[in-house]
Amino acid sequence: MSNTANGRHFGARWPREITRTQWLVLAGTTMGWALDGFSGSLYALVLGPAMTELLPHSGIRADASGIGLYGGLTVALFLAGWAVGGILFGLLADYFGRVRVLSAGVVAYAVFTALAAFTDTWWQLGVLRFVAGLGSGVEAPVGAALVAEVWRNRYRARACGVMMSGYAAGFFVAALAYDFLGGQGWRVMLGIAVAPALLVWFIRRYVPEPPEIRAAIADRRNRKARGHTAPEDRFVLRRLLAPPFLSRTLVATTLATGSLVAFWSVSTWYPQIIRHAADAGGLPQHTADSHVAVASMLFNAGGVLGYASWGFLADAVGRRKAFAVSFAASTAGVAYLFPFQHGYAEFLLALPVVGFGLFGALSGTFVYGPELFPPSVRATGMALSNSVGRLITAAGPLVAGVIAVSWFGGDLGLATTCVAAVGLTAAVGLAFAPETRGLDLPSDPLPTGPERAPAPAETITAKEMHS
């Protein structure tokens with residue numbers, strides 16, 4: 001069924017067209033992504049206090065330069081783990097199914113994030129953040145693929161957008177928790193990040209494996225048992241890096257890289273910018289903590305709106321124009337806020353706009369990604385494009401911390417602006433992105449009998465390539 005939006009009938013039809021299974025899958029993946037965002041935001045909020053305590057134990061001065069450099073390095077290690085884990089778990093999800101791989105990743109992420117609460121040096125924290133990143137890499141690509149495969153009706157893009165809004169909601173809840181519990185110390189805050197592990201019970205009990213994925217896995221195993229091969233049996237990464245999928249892999253990678261660079265540069269350093277301003281103004285520690293928490297809540301409130309609305313916007317105006325709206329909002333917000341000196345009130349006004357644009361673009365990469373690849377390569381295709389982006393992004397927070405010291409006399413605002421500007425490379429990918437509004441998800445060749453019909457090469461239909 002086409003996913004073209006029909007606004008005149010939405011209110012009357014949607015309760016009858018959406019099944020209990022679709023709601024359960026959306027609930028499970030949204031909660032998983034929310035708890036991922038919750039844990040990730042907690043680390044950004046406690047980065048300064050954690051580095052202040054751990055750097056002296058490592059023989060390093062805990063001044064602004066040290067916190068910027070080594071704090072950025074721990075974020076870079078997490079993003080590197082996220083990238084490696086994304087590819088690893090994406091491959092496993094295409095070969096062994098979505099649900100069990102999703103559950104394994106959630107457990108790994110929750111446990112190693114909580115273990116970071118017991119570290120004594122910055123490098124111990126960095127190692128555990130890398131391992132936690134391995135598990136974190138599973139949630140978005142595999143979860144988005146799962147939602148798209150179960151929600152195959154006209155509301156697919158909207159469901160993916162709602163799922164992605166869970167991440168921003170998790171950021172919002174983390175900011176709220178920090179406002180109430182931040183005084184207990186950064187170790188307590190990281191310790192409560194074990195909460196996502198509780199979600200695994202729900203996922204394994206209520207979230208089913210999509211029938212087409214079960215069929216694709218069974219098909220592959222049957223062919224292997226009979227000694228037969230088909231084009232879709234080639235190693236997944238090899239298929240994604242060759243025609244006909246190469247162009248789509250490059251488009252998805254460029255969009256993801258630009259969006260991730262901008263997002264992580266801003267979200268890592270705006271709490272420290274606000275905290276430094278509070279310190280410079282002679283405000284007490286509890287007031288600085290409150291300023292950071294309130295600003296983070298507003299940033300993520302805009303993010304929730306950007307995430308959740310992207311699918312609706314994409315159905316209304318198309319995927320390409322929805323990306324353009326997100327890029328324009330984030331560019332305008334960053335250009336206004338970070339290169340110049342502003343008071344706390346200006347941050348509170350502008351951060352929701354920045355969050356709307358940055359989170360919206362991230363939402364778009366996961367709403368749009370499943371529409372580029374067939375099921376046998378879908379999870380890996382999304383994981384690969386986002387993992388390449390994350391590997392490049394891993395340098396963003398670190399580079400911002402370094403150039404703030406080297407070029408701008410410690411001014412994190414100017415450094416963040418420079419690194420976030422790299423995110424405009426996403427516009428290059430957008431120029432070549434096919435429009436997929438109204439099209440069905442791409443599919444693999446249908447089986448004929450016990451094996452698939454022989455074919456000289458994989459093809460993407462003209463309808464799927466329509467732009």
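Here the structure is a predicted model, which means the values were calculated and not measured.

1. Points about the pattern of salt bridges
The tally for this structure, following the rule as stated, stands at 11 salt bridges. Its salt-bridge partner being aspartate 315, residue arginine 158 comes within 3.0 Å of it at the nearest N-O pair. Of this pair, arginine 158 sits in helix α7 (residues 156–181) while aspartate 315 sits in helix α13 (residues 285–317), placing them 157 residues apart in sequence. On the accessibility criterion, arginine 158 (10% relative accessible area) is buried. Residues participating in the shared-partner salt-bridge network are Asp94, Arg98, Glu149, Glu212 and Arg378.

2. Some points on the confidence of the model for the protein chain
On average, residues of the protein chain score 82 in pLDDT, and 88% of them are at 70 or above. At the level of individual helices and strands, the protein chain shows its lowest average pLDDT in strand β2 (residues 451–452), which scores 44, and its highest in helix α14 (residues 319–337), which scores 95. Low pLDDT, under 50, characterises residues 1–12; the predicted model gives this stretch 26 contacts beyond four residues in sequence or across chains. Between residues 449–467, whose pLDDT stays under 50, and residues either more than four places distant or in other chains, the model counts 36 contacts.

3. Regarding helix α6 (residues 139–150)
If you check α6, its first and last C-alpha atoms are 16 Å apart, about what 12 residues at 1.5 Å a residue would give, namely 16 Å. The element α6 is largely enclosed, with a buried count of 12 among its 12 residues. Every buried residue belonging to α6 is among Glu139, Ala140, Pro141, Val142, Gly143, Ala144, Ala145, Leu146, Val147, Ala148, Glu149 and Val150, and all of these are buried.

4. Some words on the nonpolar core
The nonpolar side chains of a soluble globular protein tend to be buried with one another. Counting 116 residues, the largest nonpolar core has Met51, Tyr167, Phe263, Trp264, Val266 and Phe299 as its most contacted members. Top contributing element to this core by residue count: helix α2 (residues 20–57), with 14 residues. Non-local contacts of methionine 51, meaning those with residues more than four positions away in its chain, are made with Tyr43, Pro56, Ala62, Ile67, Tyr70, Gly71, Thr74, Trp122 and Leu125.

5. Topic: the environment of leucine 42
Turning to its location among the elements, leucine 42 is positioned in helix α2. Since its relative accessible area comes to 0%, leucine 42 is described here as buried. For the pair leucine 42 and valine 173, spaced 131 residues apart in the sequence, the C-alpha separation amounts to 9.4 Å. Apart from the residues within four sequence positions on either side, leucine 42 is in contact with Ala174, Met189 and Ile192.

6. Points about the environment of alanine 83
Its location among the elements puts alanine 83 in helix α3 (residues 64–96). Separated by 306 residues in sequence, alanine 83 and glycine 389 have C-alpha atoms that sit 7.8 Å apart. Setting aside residues no more than four positions away along its own chain, alanine 83 makes contact with Ser387, Arg390 and Leu391.

7. Points about the packing of aromatic side chains
The full count for this structure, using the stated rule, is 13 aromatic pairs. By way of ring pairs, the aromatic residues Phe263, Tyr270, Phe299, Tyr307 and Phe359 are connected into one cluster. One residue, arginine 129, lies across the ring of tyrosine 43, its end atom 4.2 Å from the ring centre. When the ring centre of phenylalanine 78 is taken as reference, the NZ or CZ atom of arginine 129 above it lies at 4.3 Å.

8. Points about the packing of α7 against helix α15 (residues 344–368)
The contact between α7 and α15 brings their axes to 9 Å, and the two run at 140°. With respect to α15, the element α7 is oriented oblique. Here the hand of the crossing between α7 and α15 comes out right-handed. Every residue of α15 that contacts α7 at Ala157, Cys160, Gly161, Met164, Tyr167, Ala168 and Phe171 is listed here: Phe359, Leu362, Ser363, Phe366 and Val367. When the residues that make up the contact of α7 with α15 are grouped by side-chain class, the tally is 10 nonpolar, two polar and no charged.

What counts as what
- Residues numbered from 1 in each chain as written.
- Predicted model: local features only at pLDDT ≥ 70, side-chain atom pairs only at ≥ 80, totals over all residues.
- Heavy atoms only, no water.
- Salt bridge = Lys/Arg side-chain N within 4 Å of Asp/Glu carboxyl O.
- Helix = DSSP H or I, 4+ residues; strand = E, 2+ residues; numbered from the N terminus.
- Buried < 20%, exposed > 50% of the residue type's maximum accessible area, 1.4 Å probe, protein only.
- pLDDT = per-residue confidence, 0-100.
- Contact = heavy atoms within 4.5 Å.
- Expected span 1.5 Å × (residues − 1).
- Core = buried A, V, L, I, M, F, W, Y, C linked by side-chain atoms within 4.5 Å.
- Phe/Tyr/Trp six-rings, centres within 6.5 Å; stacked < 30°, edge-to-face > 60°.
- Lys NZ or Arg CZ within 6 Å of the ring centre and 35° of its normal.
- Axes fitted to C-alpha atoms, helices over the stretch in contact; angles between N-to-C directions.
- Parallel < 35°, antiparallel > 145°, perpendicular 65-115°, else oblique.
- Left-handed = near helix turned anticlockwise from the far one by under 90°.
- Nonpolar A, V, L, I, M, F, W, Y, C, P; charged D, E, K, R; others polar.

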